[in-house]
There are 2 protein chains.
Amino acid sequence: MANRVFNFSAGPSQMPLEVLEQAKNEMTNYAGTGTSVMEMSHRSPAFEGIIQEAERDLRDLLSIPSNYKILFLQGGASSQFSMVPLNLMTKNNKADYIVTGAFAKKAFAEGKKFGDCLDVASSADKNFTYIPNLSDIKLRKNADYVHITSNNTIYGTRYAQFPDTGSVPLVADMSSEILSRNIDVSKFGLIYAGAQKNVGPAGVCVVIVREDLIDEPQKNTPAMFTYKLHSDNDSMYNTPPCYPIYICGLVFKWLKSIGGVDAIEKINIQKANLLYDYIENSKLFTSPVVPEARSIMNVTFVTGDKDLDAKFVAEAKAQGLINLKGHRSVGGMRASIYNAMPVDGVKALVAFMQKFEKENI
Amino acid sequence: MANRVFNFSAGPSQMPLEVLEQAKNEMTNYAGTGTSVMEMSHRSPAFEGIIQEAERDLRDLLSIPSNYKILFLQGGASSQFSMVPLNLMTKNNKADYIVTGAFAKKAFAEGKKFGDCLDVASSADKNFTYIPNLSDIKLRKNADYVHITSNNTIYGTRYAQFPDTGSVPLVADMSSEILSRNIDVSKFGLIYAGAQKNVGPAGVCVVIVREDLIDEPQKNTPAMFTYKLHSDNDSMYNTPPCYPIYICGLVFKWLKSIGGVDAIEKINIQKANLLYDYIENSKLFTSPVVPEARSIMNVTFVTGDKDLDAKFVAEAKAQGLINLKGHRSVGGMRASIYNAMPVDGVKALVAFMQKFEKENI
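Okay, so let's go over this structure.

## Concerning the pattern of salt bridges
Tallied over the full model, the rule gives 32 salt bridges over all chains. Here lysine 253 of chain A makes a salt bridge to glutamate 53 of chain A, at a shortest N to O gap of 2.6 Å. Taken together, the positions of lysine 253 of chain A in helix H6 (residues 242-257) and glutamate 53 of chain A in helix H2 (residues 45-61) put the pair 200 residues apart, joining distant regions of the chain. Among the ionic pairs, lysine 113 of chain B bridges to glutamate 110 of chain B, the shortest N-O distance being 3.1 Å.

## Considering the nonpolar core
Looking at soluble globular proteins, one finds that nonpolar side chains tend to be buried together. Ranked by size, the top nonpolar core spans 124 residues in total, and within it Leu62, Leu179 and Tyr243 of chain A together with Leu62, Leu179 and Tyr243 of chain B carry the most contacts. What leucine 62 of chain A contacts, discounting residues up to four positions off in sequence, is Ile178, Leu179, Ile183, Val185, Ile208 and Val261 of chain A. Judged by nonpolar contacts, the second largest core, of 66 residues, contains Leu71 and Val84 of chain A together with Phe114 and Met224 of chain B.

## Structural notes on the pairing of strand S13 (residues 333-336) of chain A
All names here are of chain A. Of the two faces of S13, the one carrying Met333 and Ala335 and the one carrying Arg334 and Ser336 are both buried. Relative to S13, strand S11 (residues 298-301) is paired through four bridges, and the arrangement is antiparallel. Bridging across to S13, valine 299 finds its partner in alanine 335.

## A look at the packing of aromatic side chains
Counting across every chain of the model gives 34 aromatic pairs over all chains. Here phenylalanine 312 of chain B and phenylalanine 356 of chain B contribute two aromatic rings whose centre-to-centre distance is 5.1 Å and whose plane-to-plane angle is 90 degrees, an arrangement assigned as edge-to-face. With phenylalanine 312 of chain B in helix H8 (residues 306-318) and phenylalanine 356 of chain B in helix H9 (residues 343-360), the pair connects residues that are 44 residues apart, well separated along the chain. The same class applies to phenylalanine 312 of chain B as to phenylalanine 356 of chain B, namely buried. Site record: aromatic cluster; members linked through ring pairs are Tyr30, Tyr243 and Tyr246 of chain A together with Tyr30, Tyr243 and Tyr246 of chain B. Of note, lysine 126 of chain A hangs over the ring of tyrosine 130 of chain A, and the distance from its end group to the ring centre comes to 5.8 Å.

## Notes on the sheet that holds strand S8 (residues 170-173) of chain A
Strand pairs in the sheet, formed through backbone hydrogen bonds, run parallel or antiparallel to each other. All names here are of chain A. The seven strands lie next to each other as S2-S10-S9-S8-S5-S3-S4, forming an open sheet whose pairing is mixed. Since the sheet does not close on itself, it has two edges, and those belong to strand S2 (68-73) and strand S4 (116-122), each with one partner. If you compare each strand with its neighbour and ignore which way they point, the axes differ by 20 degrees on average. Packing against the sheet, helix H4 (residues 102-112) makes contact with strand S3 (94-99), S4, strand S5 (146-149) and strand S9 (190-194), and its axis sits at approximately 160 degrees to S3.

Parameters and conventions
Residues numbered from 1 in each chain as written. Chains lettered and ligands numbered in written order. Predicted model: local features only at pLDDT ≥ 70, side-chain atom pairs only at ≥ 80, totals over all residues. Heavy atoms only, no water. Salt bridge = Lys/Arg side-chain N within 4 Å of Asp/Glu carboxyl O. Helix = DSSP H or I, 4+ residues; strand = E, 2+ residues; numbered from the N terminus. Core = buried A, V, L, I, M, F, W, Y, C linked by side-chain atoms within 4.5 Å. Buried < 20%, exposed > 50% of the residue type's maximum accessible area, 1.4 Å probe, protein only. Contact = heavy atoms within 4.5 Å. Pairing = 2+ DSSP bridges. Phe/Tyr/Trp six-rings, centres within 6.5 Å; stacked < 30°, edge-to-face > 60°. Lys NZ or Arg CZ within 6 Å of the ring centre and 35° of its normal. Axes fitted to C-alpha atoms, helices over the stretch in contact; angles between N-to-C directions.

Encoded structure:
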C-alpha cells in the first residue's frame, strides 16, 4: 500500500493493513447481505455470527477457560475504573490497588468513590519507572479484589510476573498489552482492555470475567454499568458498538492467521529487543525504565535534551515514522510497537535513530 | 451499487451509500495522513479536525444555539437513562416522565433509582398507540426536568408537538428521529440520541445540553457518567469512539449537501405519506396508531393475521426489502424509513404491498 506510514501512536494505533483492506472490500456489502456491517441490526443473524465468532476467536487466542465470560462493552477502560468496584466490591467493600502509572492512579481514585480502596504499593516515588517488588507488598486478605495495570502505556513499564493474590481475585487493566504475550487467564478474576491498541478501533472494551464474580452490583449502579445485565444478554443488553466489534473480529482472525499469541509474542520480543539493545549501546539515547520492568509494547527513551527530543520527533515524522513524541509526564520519545507494528517498522526506526545519533552527538 | 438491498431495520439501519463509499475510499489513507481514521491518535490534529467539524456541522444542521454543548459519548441512549438523572436531578431530586413506549419505560425505571421520578402520563393503556394529550398532563413545578421520548421506534408514534414545561427543562430522547424534522433546540434543556438510526453507526450517542444544566452530578456518580467531565474535555475525557464519530461527520456532510433538515423533512413527509396514504386505503393493511401520533420514521402496520404477516415479511425479503418484521410487542410489520432510506425504497415497498394485497385478499 503506497503512502502508508509507520504509526507509533500509543493508541488508537496502527492496525494490520490486511484488516483495513478487508474492511474496505466489505464496506458496502458484507458477505452477500447487501448491507454494510454498519447498517445491520444487531439482532440479525449476520451480526450475531460476527460477534459470536469474535468471542470464539478471542477465547481461542487467550485459551480463556469456559467459566469465564467475554463481554464487548462501551466506554473504554475508564468505564471499567467504575464498573470493577461497583460490581466486585460487594462483599467486604474493600479493594487493594497497586499504582504503577497515570491510569492506575485514575482507577484507584475512581475506586475510592465506591468503597475502602487502599494503594498497597506504588512506584510514584521514581516517576513510575519501575514495578514495585511484589514480595514486599502486603495485601489485605479480606479485600474483594486486587487491581493492577499490567502494562503502563505512558511510562513504558510492565509486570514481568503477576502478583500471587491467593483467593483474592486479581483484576488487571491490560489495555495496552492484551494479546501481546501469553498469560494464564485462570490466574485472574477479571481482565479488561480498551480495544484501541491491540484489539481494534476505539469504542469497544473487552472484559473477561470469571463467572462466579458476576453478581448483583452495589445499590443504585447504573444499568449499563452492571456486568450481570451485559452477561445475561451476551453483550446485547443494548445496541453494541457493532462496527468496532466487527473490526476486532477481523484482528483476531489476522492474529490467528499468523500463528496466534505464541507467534506474536516472539515477534514482539524481537521488536522490543531491536530497540532496547540499540538504546543500551547508544551514546545519545537512554531508557528511563529499569531493565526488568521494560514494556515490550511501549518503549520510552530520551536524549536528556528537550530541544533535541523535539528535533528527533519532527525529523522522524518527515521520514514517515509518526507519533513518536513521549507523553508530557515523561518527556522524550515513546515508540508504541503493538502487535500490528511490523518488524520492518521497528527496523526503520532503529536505522533512523542511528542516523540521528551520528548527526547529533 | 449492485446487490444492495433496501434495509428497513429499526436500527442500526441503512446509511447513505455516498457515506459508505467515501469511508471505503479513505479506509487505508485518510486525507494524505498515511493512516486510517481508525489508527489515528484522538489527540492528533487530523482527528481533532474531524470531531470539531462534525460538531460544527451538527450545530449548523439543527441551528443549535451557542449556549448548548454538543457531546459525542459512548453507551447509547441506555447510558443516558442514568446520566440524565445523575446529572440533572440535583436540585429537588424530582423528575417527571411521560411514558410512551418501551424505551420511555426503561428511562423511567432507571431514573427512579436516583430520585423521586413520577410517570405523569402514559399511553400504556392502549399499547402505546397514541401520545397522551399534553394539555391534560399535570407537571410538577419543582421537578428538575421532564423527560419524553420524542419518537417511539417500536410503536411508530411521535410527538407532533412538544409539551410546554415552562421553566422546567425538557429532556428528550430523540434517538429515532433526530435530524429528521426541524426542532427548536432552545425549547429543550437536553436532547440525546443514539447514533444508529439517523446519525451514524452504533457506538456513539449525541448529547445536546444547555450549558447551565452542566453542573456537579449526584454524589458518587461514575466519572464517565459525568457531563461536566466530558464537556470540560470536549468529548475527549477518554479515548472517544473515533471511527463512529468520523462516520457521523460524513453523514452530517451528506445531509448538508442535500439541503439540510428542511430538505430532508420534506422528503421524510413524502415517504411517510406514500405509506400511510396507501395503508389508509388498503383493504389488507391497517395502522395500529392514531393518525395524529403517527411517526414519519417508523411506520407500523398489520394485516391482523400472524401467518399472513410472516408471509409478507418473508416475501418482501426475497425482493430485497429487508427487516420489515415488527417488534414482538406490536406484531405485524414495521418499516423504518430514516433519512438514508431513499424515496425509491419506499416506492418499492408500496408497490410490493399492493402486489401482496392483490394476491392475498
